[in-house]
Amino acid sequence: MAWIVTVVLLAEAVGIAAVNWLLGMVVDSQHMSLAGLDPDVMATSSKVGAVVFGLYFAFCALVALLVAVRDRAPAGLGRVLLISAAVVNALLGAVAWGLVGPGAFLALMVVLALLVLLLMTYDRPRDAGARPAGDTPGQGGAPEAAPEPKPTSTPTGDAQGRTADTGHVTRTAPTTP
């Protein structure tokens, strides 16, 4: 599953970079202006955005590739990057619905679903502990009772020789750090 996310994120990196670069070239060749902004600045910023978003999604694809190779959940910065990629895809999907149409929205929602599935699939640790011999999952049986704790008693110093059970005493905690 992580392999599929890697390929999809690489395709998205190339696609987003290509679209932004193309928009920068169109603005540059036609000398368009938006609200009086300099066309050269708009073209340059679109091309810089192409490089930045392309590298961002490529780095997210690298994290997904590491998840696939290591076969374990992403941690730290990698997990944050994949979560942020999911959020970016959700926002792009919302914008794409209005600007492009439902086809682009559905494509971005598929990527979002794959990212969420990747994050959720590797959420639980595998082989949390070894099972004892003969303990097969799904095989019924009564659970074994835990052994009774041994009472911890200390002399109280009273005249009758009674002892106090300290196993049920709540200890006080310090109130200062």
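Everything numeric in this text was worked out from a predicted model, so none of it was measured.

Chemist: I would appreciate a short explanation of the packing of helix α1 (residues 2-30) against helix α4 (residues 102-121) in the present structure.
Modeler: A packed helix pair is summarised by two numbers, namely the angle formed by the two axes and the spacing between the axes. Between α1 and α4, whose axes approach to 10 Å, the crossing angle comes to 140°. One element, α1, and the other, α4, form an angle in the oblique class. In terms of crossing hand, the pair formed by α1 and α4 is left-handed. Between α1 and α4, the residues in contact are A2, I4, V5, V8, L9 and E12 and L108, V111, L114, L115 and L118, respectively. Its residues assigned to classes, the contact of α1 with α4 shows ten nonpolar, no polar and one charged.

Chemist: I keep staring at the nonpolar core and nothing clicks. Help me out?
Modeler: The tendency in soluble globular proteins is for nonpolar side chains to be buried side by side. The biggest cluster of nonpolar side chains holds 24 residues, and the ones touching the most others in it are V5, L9, C60, L82, L115 and L118. Of all elements in the fold, only α1, α2 (39-70), α3 (77-99) and α4 reach the threshold of two or more residues within this core. In this view, L115 contacts V5, L9, L82, A85, A86 and N89; residues no more than four positions away in its chain are not counted.

Chemist: Just checking my understanding: could you explain the side chain of S46 for this structure?
Modeler: Note that S46 resides in helix α2. Excluding residues within four positions of it along the chain, S46 makes contact with N20, L23 and G24.

Quick notes on the rules
- Residues numbered from 1 in each chain as written.
- Predicted model: local features only at pLDDT ≥ 70, side-chain atom pairs only at ≥ 80, totals over all residues.
- Heavy atoms only, no water.
- Axes fitted to C-alpha atoms, helices over the stretch in contact; angles between N-to-C directions.
- Helix = DSSP H or I, 4+ residues; strand = E, 2+ residues; numbered from the N terminus.
- Parallel < 35°, antiparallel > 145°, perpendicular 65-115°, else oblique.
- Left-handed = near helix turned anticlockwise from the far one by under 90°.
- Contact = heavy atoms within 4.5 Å.
- Nonpolar A, V, L, I, M, F, W, Y, C, P; charged D, E, K, R; others polar.
- Core = buried A, V, L, I, M, F, W, Y, C linked by side-chain atoms within 4.5 Å.
- Buried < 20%, exposed > 50% of the residue type's maximum accessible area, 1.4 Å probe, protein only.

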